[in-house]
Amino acid sequence: MERNVKQVLSGVGFYGTLAVCLAVVGVCGWVLLRGEGTEPVQELPVTPQAAVSQPVTVPERVEEPVAETLKPEPVPVDTADKPEMPELPVEDVPVAAQAPKLIVEPLRGEVLTAFSMEELIYSPTMGDWRTHDGIDIAAKAGTTVLAASSGTVRSVTGDALMGTTVVLEHEGGYETTYANLQSKPTVETGDSVSAGQIIGAVGTTAAAESGAPHLHFAVSRDGKAVDPRAYLEQ
């Protein structure tokens with residue numbers, strides 16, 4: 001063995017052997033120093049902890065009181081001193097729709113001669129006193145004349161005293177007369193006319209009412225003369 005060591009030392013050399021020895025000495029010193037300066041770590045006992053479960057409190061369900069529906073009680077009514085309600089007769093006859101009544105002025109102008117059936121009026125043309133069954137409305141010759149209400153043309157005549165005359169029949173027994181018209185009215189006997197329709201024009205054909213051109217307008221009901229102004233105001 002000694003021979004083997006010598007062979008190693010002779011092979012490695014002096015410096016190599018010295019380096020190995022120094023390394024061994026350094027390792028040993030480091031181990032000794034570490035062992036002296038370091039205190040052993042004390043291990044603390046570990047106390048196992050039991051799992052703590054907290055109970056969950058669930059609130060109890062509180063039932064709300066249900067409101068009771070009260071039925072109204074009938075209030076007794078004393079009907080001893082009250083008479084019984086009379087029964088009204090019911091008519092089963094259907095009501096027919098009617099068009100609204102419409103009355104218009106045949107023309108607008110100054111009234112030359114008023115309606116007068118109770119007092120006599122002097123007529124300059126005839127030179128006497130007489131009644132007047134209508135009103136004379138001043139207008140220029142050729143002014144259009146309108147039907148005062150809807151109806152039917154009863155007649156178209158050329159009267160010797162009142163000139164060209166148109167008479168209209170209306171509901172309720174009414175008749176309207178338009179005299180002193182031009183010789184050719186715009187309607188004929190039997191025609192149906194509406195309120196405001198042109199039936200002719202102002203003329204100068206009335207021999208009994210000469211003077212300024214005008215319309216002689218008269219109204220009657222059931223054959224009796226009616227004040228034209230009262231009729232127009234309906």
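Structural data are supplied above this passage.
Since this is a predicted model, take the numbers as computed values, not measurements. (Residues numbered from 1 in each chain as written. Predicted model: local features only at pLDDT ≥ 70, side-chain atom pairs only at ≥ 80, totals over all residues. Heavy atoms only, no water.)

Section: the overall build of the protein chain
Then step 1. When helices and strands are counted, the protein chain shows three helices and 12 strands.
Then step 2. Sorting the 234 residues of the protein chain into buried and exposed places 22% on the buried side.
Then step 3. The contacts in the protein chain between residues at least 6 apart in sequence include a share of 62% that link residues at least 24 apart.
Then step 4. Surface exposure of the protein chain reaches about 18800 Å², of which carbon and sulfur atoms provide 57%. (Helix = DSSP H or I, 4+ residues; strand = E, 2+ residues; numbered from the N terminus. Buried < 20%, exposed > 50% of the residue type's maximum accessible area, 1.4 Å probe, protein only. Contact = heavy atoms within 4.5 Å. Areas by Shrake-Rupley, 256 points an atom, 1.4 Å probe, with all protein chains shown as cover.)

Section: the side chain of Asn-180
Then step 1. On the secondary structure map, Asn-180 appears in strand β8 (residues 174-181).
Then step 2. Relative accessible area serves as the criterion here: at 2%, Asn-180 is assigned to the buried category.
Then step 3. A distance of 2.8 Å separates a polar side-chain atom of Asn-180 from the backbone nitrogen of Ala-206. (Polar contact = N/O pair within 3.5 Å; in protein donor to acceptor, adjacent residues only side chain to side chain.)

Section: the packing of aromatic side chains
Then step 1. Summed over the entire model, instances satisfying the criterion amount to three aromatic pairs.
Then step 2. For the ring pair Tyr-178 and Phe-217, a centre distance of 5.4 Å and an interplane angle of 40 degrees mean the geometry is tilted. Linking Tyr-178 in strand β8 with Phe-217 in strand β11 (residues 214-221), this pair joins segments that are 39 residues apart in sequence. Phe-217 matches Tyr-178 in its accessibility class, with the two residues each being buried. (Phe/Tyr/Trp six-rings, centres within 6.5 Å; stacked < 30°, edge-to-face > 60°.)

Here's the deal with a nonpolar patch on the surface
Then step 1. Together, Leu-120, Tyr-122 and Trp-129 line one region of the surface with nonpolar side chains, adding up to about 370 Å² of accessible area.
Then step 2. You can see Trp-129 is positioned in strand β3 (residues 128-132).
Then step 3. By relative accessible area, Trp-129 is classed as exposed at 56%. (Patch = residues over 30% accessible without salt bridge, like charges linked within 9 Å, V, L, I, M, F, W, Y side chains within 5 Å. Salt bridge = Lys/Arg side-chain N within 4 Å of Asp/Glu carboxyl O.)

Here's the deal with the nonpolar core
It is characteristic of soluble globular proteins that their nonpolar side chains tend to be buried jointly.
Then step 1. Core analysis: the biggest nonpolar cluster contains 22 residues, and Val-145, Tyr-178, Ile-199 and Leu-215 have the highest contact counts within it.
Then step 2. For this core, the elements supplying multiple residues, two or more each, are β4 (134-138), β7 (163-169), β8 and β11.
Then step 3. Not counting residues up to four positions away in its chain, the partners in contact with Val-145 are Pro-106, Leu-107, Tyr-178, Leu-181, Gln-197, Ile-198, Ile-199, Gly-200, Ala-201, Val-202 and Leu-215. (Core = buried A, V, L, I, M, F, W, Y, C linked by side-chain atoms within 4.5 Å.)

Let's talk about the environment of Leu-107
Then step 1. Note on placement: Leu-107 falls in the loop between α2 (14-37) and β1 (111-113).
Then step 2. With 89 residues separating them in the primary sequence, Leu-107 and Gly-196 have C-alpha atoms 9.6 Å apart.
Then step 3. With sequence-adjacent residues up to four places away left out, Leu-107 is seen in contact with Ile-137, Ala-138, Ala-139, Thr-144, Val-145, Val-202 and Leu-215.

Some details on the pairing of β3
Then step 1. Looking at chain direction, strand β2 (residues 116-123) and β3 are connected through four bridges and run antiparallel. Note that in β3 the partner of Ser-123 across the bridge is Asp-128.
Then step 2. Where β2 hands over to β3, the hairpin turn is made up of four residues, of which Gly-127 adopts a positive phi near 70 degrees. (Pairing = 2+ DSSP bridges.)

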